[in-house]
Amino acid sequence: MTTKASTTRKRRSTTTTAKKELNGKKVPALQIENIPIGKIKPDPKQPRKTFDDKQLQQLSDSIKEFGVLQPITVRKSGKDFIIVMGERRFRASKIANKKTIPSIVRTYENDEVLEVQIIENLQRKDVEPTEEAEAIAYLSDKYQPSEISKRLGRTDNFIRQRLKLAGLIDGFKHFVRNGEMTISLGVSVALFTPEEQKMMLETMGETFNAHQINRMIKDQSYDLEKASFDVADKTLVPKAGSCVECPFNAANQGNLFGEGKMVCTKSACFETKKSKSFLNLIEKTKKENILLFPEIRRYWADEESNQLIISQLEKNGFKVYLLDDVEIIENPIEPTIEAIKIEYQHYDYSEDELKAELDEAMQDYEQALKTYNSAKDNGFVNGIVFHPETYQHKSAFVKVIEKSENESTEYSAPLANRKMADCTPEEQIVKINEREIRKKHIENNKQFEEVVQMIRETNYIDTKKTLSTDEMVAFSISLFENNVDYVSQQKYFSKFLGDTSKMTKVEMVENFKKKFKKEVFHKLIRYILTRQVHFGESNHVNNLTNISFYNAIQGYYTSKIAEIEKAYSEKRDKREARLKERIAVLEKKIQELND
């Protein structure tokens, strides 16, 4: 027998209509219907393209047990229905072999459907970044970034970064989707025009290489905080305007290089401003009769790039002085306790010892300030010294060193101070070989630094392999050179490289043992290894720490290191071939002179 109540329950299993009041009248609200799954179709314009199979299966298992707890939203399309929201629930229901699915049928305007779908997708936690970027870019045609951030509950910076990521070309988006390329690196690449991105992609080749991409970004971007010109100047290049407001300034794209970090990605504009500012500097020094000179020593004056700078100054009517020709007095910087702490951070100094270092530094500062303030009384004049590559410049007091007329060409002068043209063929060979030794040293410095930077960008620190002997040696030597002062070396490590004794601090060792975890130890060592190496004048052939580290990482990134080594080797071979030819000509001249 069927009662009235049971009939009502059956009817509600198919359709549920809620009632609400509007202006005092009861009107139907949203209607939930159990629609056959076969009559429902996914929207081909749906912005979401990816669905995790594992998560779909988990949702399907939940639907089998509890059913679909939240209805999907659909719109009518002929005899069928198109999904507006809830495609994931729809797919999981099909996997669960459900015949019907609870749905809310709604009517939308033409462009309203896509906007609803986009916002619904963006409010999820597992949105694929490039899809998210494209969706936010669509919304940006209608809303300001600040309004989008409010609608989605995201920060303004997040929205700006995703908008920039939307500008990534498809070739790079592929690497973001498969996890090879980080979002931050993708955003950095997206700073460049599509044509520049294509060049990067073609240069890199088919295999993704984050280190190579970072190098290309570094080569094509400029730190505006180190610019030789005023970045806020709108008149330097009127068509370009101020760098502060420029769209090619990364700080205006969502702090892509750090909070407030200004980085220019328009190389042509940057170089134009740099050149224009240098011409302005030349005019200023001529007008105000200020001595202008480059940071070039005579030893390097024959370099082609330095010759171009010297020639440019001479064409503008300057008598060119190099660093060897002048005395310089710069305005000293007053020391602070914070600066002292940074300077002696690797020393185990007490507060009293740091205070003593500060007192000594203050005495030196006061003496230097006294010298600076009396510079004009001692024959110094206003001068500006500039870097020959960056054109960065600074003011200082300068005095030209008096020399006899023929001093610069006398053979009695040190060989290093004489120009190549003033040397005999034998001396030229000596100078050539000395310079080649110096160039190799500089190349080794750069090569080592580049390898270390590449290693820091990899997942080396998180490697789960057991430490190799080379890594342990590198770590031990690194600690010895960088963390143990001279007194402690003599007291505790006098036989470190031979018959060494152990340093014991019982309390520290016992405490460390209690908290010791092998995994943490391994990660700590690898972290320290990548940061305790030496750059500058030290490299992988002249420093114990660097040599041991360079050997240690060979087993992890052989091919990447080989690429860097090959590039430097090819460059070195070409230069050495040219030098051999030049030396051969000079040796022939020597032979002719001897004959």
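Throughout this document, residue positions are counted from 1 along each chain, in the order its sequence is written. Selection of residues for local features in this predicted model requires a pLDDT of at least 70, selection of side-chain atom pairs for listing and counting requires 80 or more, and totals for whole chains, interfaces and linings are taken over all residues. The basis for the side-chain values is all heavy atoms of the structure; hydrogens and waters are excluded.

Regarding the packing of helix α5 (residues 129-140) against helix α7 (residues 156-165)
Relative orientation and spacing of two packed helices are given, respectively, by the angle between their axes and the distance between those axes. The cut-off we apply is this: For helices, the fitted axis covers only the stretch in contact; all axes are lines through C-alpha atoms, and the angles between them, taken along N-to-C directions, range from 0 to 180 degrees. Each helix corresponds to a stretch of at least 4 residues labelled H or I by DSSP, and each strand to a stretch of at least 2 residues labelled E; elements are numbered beginning at the N terminus. Roughly parallel means an angle under 35 degrees; roughly antiparallel, over 145; roughly perpendicular, 65 to 115; everything else is oblique. Here, two residues are considered to be in contact whenever any of their heavy atoms come within 4.5 Å of each other. In this classification, Asp, Glu, Lys and Arg are treated as charged, Ala, Val, Leu, Ile, Met, Phe, Trp, Tyr, Cys and Pro as nonpolar, and every other residue, Gly included, as polar.
Two numbers describe how α5 lies on α7: the axes approach to 8 Å, and their chain directions differ by 100°. With respect to α7, the axis of α5 lies roughly perpendicular. Counting all contacts with α5, which are made through P129, T130, E132, A133, I136, A137 and S140, the residues of α7 involved are F158, I159, R162, L163 and L165. Tallied by class, the residues present in the contact of α5 with α7 amount to eight nonpolar, two polar and two charged.

Digging into the packing of aromatic side chains
Under the convention used in this document: The pairing test for Phe, Tyr and Trp rings, Trp by its six-membered ring, is centres within 6.5 Å, and the orientation test on the planes gives stacked under 30 degrees, edge-to-face over 60, and tilted for anything in between. Only protein chains enter the accessibility calculation, which uses a 1.4 Å probe; a residue whose area is less than 20% of its type maximum is buried, one above 50% is exposed, and one in between is partly exposed.
Inspection of every chain in the model, using the stated rule, returns twelve aromatic pairs. Geometrically, the ring pair formed by Y344 and Y349 is stacked, given 5.4 Å between the ring centres and 20° between the ring planes. Measuring from centroid to centroid gives 6.5 Å for F386 and Y391, while their planes differ by 65°, and the two rings are edge-to-face. Across the pair, exposure class does not vary: F386 and Y391 are buried alike.

Considerations on the environment of K589
Position of K589 among the secondary structure elements: in helix α22 (residues 558-594). As a C-alpha pair, K589 and E426 span 163 residues in sequence and 9.5 Å in three-dimensional space.

With respect to the pairing of strand β12 (residues 393-400)
The test is simple: Paired strands, as defined in this entry, are two strands with at least two bridges between them according to DSSP.
For strand β10 (residues 326-329) and β12, the ladder comprises four bridges, and the chain directions are antiparallel. Residue I328 lies in a different strand from β12, and its bridge partner there is V398. In this structure, strand β11 (residues 381-386) lies alongside β12, joined through six bridges in antiparallel fashion. Note on β12: the bridge partner recorded for V381 is V398. Connecting β11 to the antiparallel partner β12 that follows it, the hairpin turn spans six residues, and Y391 within it adopts a positive phi of roughly 65°.

Observations concerning the confidence of the model for the chain
Test applied: Scored between 0 and 100, pLDDT is the confidence that the predictor attaches to each residue.
Here the chain shows a mean pLDDT of 79. Residues at 70 or above account for 78%. For the chain, per-element mean pLDDT is lowest for helix α1 (residues 4-14), which scores 39, and highest for β11, which scores 93. Here residues 1-28 is modelled with pLDDT under 50, and outside its nearest four sequence neighbours on either side it reaches 24 contacts, counting other chains as well. Of the regions scoring below 50 in pLDDT, residues 407-413 engages in ten contacts with residues more than four places distant in sequence or in other chains.

Comments concerning the nonpolar core
Selection rule: We define a nonpolar core as any set of buried Ala, Val, Leu, Ile, Met, Phe, Trp, Tyr and Cys residues linked to one another through side-chain atoms lying within 4.5 Å.
Ranked by size, the top nonpolar core spans 23 residues in total, and within it F172, M181, V189 and I213 carry the most contacts. Of all the elements in the fold, those that place two or more residues in this core are α8 (170-177), α9 (183-190), α10 (194-204) and α11 (210-219). Per-element tally for this core: the top contributor is α9, with four residues. Counting 17 residues, the second-largest nonpolar core is a separate cluster that includes F448, F475, I553 and Y557.

Topic: the pairing of strand β4 (residues 72-77)
The side chains of a regular strand alternate between both faces of the sheet. Across three bridges, β4 lies against strand β6 (residues 100-105) in parallel orientation. Opposite T73, over in β6, you have I104 as the bridge partner. Here five bridges tie β4 to strand β5 (residues 80-85), and the two strands are oriented antiparallel to one another. The residue bridging R75 from the neighbouring strand is I82, located in β5.

Side note on the side chain of S103
Short version of the rule: Whenever two N or O atoms come within 3.5 Å, that pair is a polar contact, provided that in protein one can donate a hydrogen and the other can accept it, and provided that, for residues adjacent in sequence, both atoms are side-chain atoms.
Residue position: S103 is located in strand β6. A polar atom in the side chain of S103 sits 3.0 Å from the backbone oxygen of I101. Other than its neighbours up to four places away in sequence, S103 contacts Q31, I32, E33, I35, I40, P71, I72 and V74.

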